[in-house]
Amino acid sequence: MNAAPNSDAPVWRHVNFRRFWLVRIGSMGAFQMQVVATGWLIYDLTGSALDLGLVGLVQFIPRVALTLWAGALADRHDRRRITLACLLAPFAACGALAAGAWMQALTREHIFALVGLLGAARAFEMPALQSMLPRLVPTLLLPRALALSSAATQTAIIGGPALAGAIFLAGAATVYAVATLAFLAAAALTLRLPRSVPQHDTGTATDRSLFAGLRYVRSQPVMLGAISLDLFAVLLGGATALLPIYARDILRVGPGGLGLLQAAPAVGALAMSIVLSHRPLGGAIGRKLFGSVALFGLGTIVFALSTSFALSLAALCLLGAADSVSVVIRQTLVQLETPDAMRGRVSAVNAVFIGASN
């Protein structure tokens, strides 16, 4: 393993983990910023709610269609180089969006094509980047590192849209330009990470190797159970998809309140991720996983019945915190129980489950 020499040092003492953390927050933050800019721009351009929905679909389809291929690729080639390519592609796409918005030359088709490229890059980035982490820290520190990695994601989910909203007064082109610079900075940091070549070459991307991740997950009852439990919990309890209805018709808090409602789960998840980075879960993981899913369900039920804005915010924070526990447990299982040569494909399967449920 390419971890730092002192395996007892705190996670932050490992310089490669710090670089990894900054890559994660930079990439996700930039992606969230362009989501805000693109949503506003496409709706301002076409005035169509259908086109607004299609923007999300255009980014979602490549991620689902390509993720298994991305996992197989991450198990055959240097994961650092794959991650770098997946950061340079959105750097170019966001740069084109910035230039097009500045010149007022973007059409609906241009936007769809460029955000489709962003979605494809995300599909290949996730398995490669996640598979690098176990080599950057000692095994004993991996649960804390995963918690901090989750915290980086939640920070970006909260901070990216907030930053985009703050600078949107200068125009969509400015938001895209800042996102472009963030992707470039993440790419530069990726170059400073150590090479991450899988320990065993798995050959060409045949159908057998492509679906090896699915077969491996099926052969591991604990991992399959954890991933499936999370899938059905989110699939049947995804109340956040209804937030615009709750904000307008039930809580009557308007667009400002909607923004707070959308941020609340990420706030809860960020707080719990910070706690878990200092106080790992320890034993009785199964009971804690079931408990976190139960709390997720409780938070969803309270939110569904609430007519109080404050109570609704608290319920969303609770379900976000509970989901963070589930995420850390699931990611720890995937990383610790999977051979290095399979981590890309198993991470891809996990990503497909998450994407399907959401």
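Just above, that's the structure.
A. Representation of the side chain of Glu125 in the model. In this fold, Glu125 is placed in helix H4 (residues 108-132). In contact with Glu125, not counting residues within four places along its chain, are Ser27, Cys86 and Leu87.

B. Quick peek at the environment of Ala145. With respect to the element layout, Ala145 can be found in helix H5 (residues 142-167). On the basis of relative accessibility, which here comes to 0%, the residue Ala145 falls in the buried class. Ala145 sits 12 residues away from Leu133 along the chain, and the two C-alpha atoms are 8.1 Å apart. Ignoring any residue separated from it by four or fewer positions in sequence, one finds Ala145 in contact with Val11, Phe17, Leu133 and Val137.

C. The packing of aromatic side chains, seen in detail. Within the structure shown, the criterion is met by three aromatic pairs. Ring geometry for Trp12 versus Phe17: centroids 5.6 Å apart, planes at 65 degrees, classification edge-to-face. Here the aromatic rings of Phe17 and Phe20 are separated by 6.3 Å at their centres, their planes lie at 25 degrees, and the arrangement is stacked. Here the residue Phe17 and the residue Phe20 both occupy positions in helix H1 (residues 15-46), the gap between them amounting to three residues, near one helical turn. One exposure class covers both Phe17 and Phe20, and it is buried. Grouping aromatic residues by their ring pairs yields a cluster made of Trp12, Phe17, Phe20 and Trp21.

D. Up close: a nonpolar patch on the surface. Among the surface-exposed residues, Leu57, Phe60, Ile61 and Val64 lie close enough to one another that they form a single nonpolar patch of about 330 Å² accessible area. On the secondary structure map, Phe60 appears in helix H2 (residues 49-74).

E. Here's a closer look at the packing of H1 against H5. Across the interface, H1 lies against H5 with an axial gap of 7 Å and an inter-helix angle of 35 degrees. As for how H1 packs across H5, the hand of that crossing is right-handed. Here the residues of the contact of H1 with H5 sort into 16 nonpolar, six polar and one charged.

F. Spatial organisation of helix H8 (residues 212-219). For H8, the complete set of buried residues consists of Ala212, Gly213, Tyr216 and Val217. The arc enclosing the buried residues of H8, seen along the axis, measures out at 135 degrees, which places them on a common side.

Parameters at a glance
- Residues numbered from 1 in each chain as written.
- Predicted model: local features only at pLDDT ≥ 70, side-chain atom pairs only at ≥ 80, totals over all residues.
- Heavy atoms only, no water.
- Helix = DSSP H or I, 4+ residues; strand = E, 2+ residues; numbered from the N terminus.
- Contact = heavy atoms within 4.5 Å.
- Buried < 20%, exposed > 50% of the residue type's maximum accessible area, 1.4 Å probe, protein only.
- Phe/Tyr/Trp six-rings, centres within 6.5 Å; stacked < 30°, edge-to-face > 60°.
- Patch = residues over 30% accessible without salt bridge, like charges linked within 9 Å, V, L, I, M, F, W, Y side chains within 5 Å.
- Areas by Shrake-Rupley, 256 points an atom, 1.4 Å probe, with all protein chains shown as cover.
- Salt bridge = Lys/Arg side-chain N within 4 Å of Asp/Glu carboxyl O.
- Axes fitted to C-alpha atoms, helices over the stretch in contact; angles between N-to-C directions.
- Left-handed = near helix turned anticlockwise from the far one by under 90°.
- Nonpolar A, V, L, I, M, F, W, Y, C, P; charged D, E, K, R; others polar.
- Arc of directions from axis to C-beta.

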